Amino acid sequence: MRNAILAVIDFFHPPFKKFISIHNFRYMATGGSTLLLGILSYYFAYFFIFKTEEVNFGVIVLQRETASLLIDYIIAIPTSFLLNKYVIFTHSELKGRVQLFRFLNLQFINILANYVLLKFLLELLRDYPTLAMLSRILVSVLMALFSYLYQHYFTFSVKKIGDKKGEKD
């Protein structure tokens, strides 16, 4: 399955190879695919699953938008983790449960940072609707860059050759 996914992604890389490495292109392709999957699942949930403004789950009542966002996260977060673990960052020697914990930590940070940054920018630019929409794009780009660095250097990190615990210079 990994090889089939990489073959499809790599097919589209040649026009971009002067500008971006194959690894970063693969990360962007899987991230973009996961984003699209999340948007589609939100759309499907909002328009076809949840027909009322309030959705009663028995123990909690959520607004239609929030319930749809929950469906988005339930589908996109596991898909993103699996693609990152088994397709993009396969070189990591960390245990899967450690990677999962770190990944979920990143998702929590992303959700919180997305909300705070977007709320801040929208309040700051509320009189400029075009700039307010562009702020959503800016926040998405910033969070994508942060996520890549976080995953590369922390979630799916690799021990450097020659690094040993307790080694002193």
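Scoring rules and cut-offs
Counting restarts for each chain, with residues numbered from 1 along the sequence as it is written. Only residues with pLDDT of at least 70 get local features here, since the model is predicted, and only at 80 or more are side-chain atom pairs given and counted; chain-wide, interface and lining totals rely on the full set of residues. Side-chain figures throughout are based on the complete set of non-hydrogen atoms in the structure, without hydrogens or water. For this analysis, a ring pair means two rings from Phe, Tyr or Trp (six-membered ring only for Trp) whose centres lie within 6.5 Å, classed as stacked if their planes differ by under 30 degrees, edge-to-face if by over 60, and tilted for the remaining angles. Two conditions define a charge located above a ring, namely a distance within 6 Å from the ring centre to NZ of Lys or CZ of Arg, and an angle within 35 degrees of the ring normal. Here an axis means a line fitted to C-alpha atoms, over the contact stretch when the element is a helix, while the angle between two N-to-C directions is reported on a 0 to 180 degree scale. Runs of E in the DSSP output that reach at least two residues are strands. Runs of H or I that reach at least four are helices, and both are numbered from the N terminus. Roughly parallel refers to an angle under 35 degrees, roughly antiparallel to one over 145, roughly perpendicular to one between 65 and 115, and oblique to any angle outside these ranges. We call two residues in contact whenever any of their non-hydrogen atoms come within 4.5 Å of each other. Polar here means any residue other than Ala, Val, Leu, Ile, Met, Phe, Trp, Tyr, Cys and Pro, which are nonpolar, and Asp, Glu, Lys and Arg, which are charged; Gly is therefore polar. Within 3.5 Å is the distance limit for a polar contact, defined as a pair of N or O atoms, with the added protein rule that one can donate a hydrogen and the other accept it, and that residues adjacent in sequence qualify only through two side-chain atoms.

**Q** Can you help me understand the packing of aromatic side chains in this one?
**A** Aromatic ring pairs are reported here in terms of the distance separating the ring centres and the angle at which the planes meet. Evaluated as defined, the whole model comprises 16 aromatic pairs. Ring centres of Y43 and F48 lie 6.3 Å apart, and the angle between their planes is 70°; on these two criteria the pair is classed as edge-to-face. The structure contains a cluster of three or more aromatic residues connected by ring pairs, namely Y27, F81, F89, F103, Y148 and F156. Note that R64 overlies the ring of Y46, its terminal NZ or CZ placed 4.0 Å from the centroid. Sitting above the plane of the F154 ring, R102 keeps its charged end 4.0 Å from the centroid.

**Q** Would you explain the packing of helix α1 (residues 2-11) against helix α2 (residues 22-49) in this entry?
**A** The angle between the axes and the distance between the axes are what describe a pair of packed helices. Where α1 contacts α2, the two axes come as close as 10 Å, and the packing angle between them is 105°. Between α1 and α2, the crossing angle belongs to the class labelled roughly perpendicular. Contacts between α1 and α2 pair L6, I9 and D10 from the former with I22, F25, R26, A29 and T30 from the latter. Looking at the contact of α1 with α2 residue by residue, the classes come out as five nonpolar, one polar and two charged.

**Q** It is not clear to me how the side chain of N110 should be interpreted in this structure. Could you clarify?
**A** Summarising the element assignment, N110 is placed in helix α4 (residues 96-124). Here S147 takes part through its side chain, which lies 2.8 Å from a polar atom of the side chain of N110. Setting aside its immediate chain neighbours within four residues, N110 contacts M143, F146 and S147.

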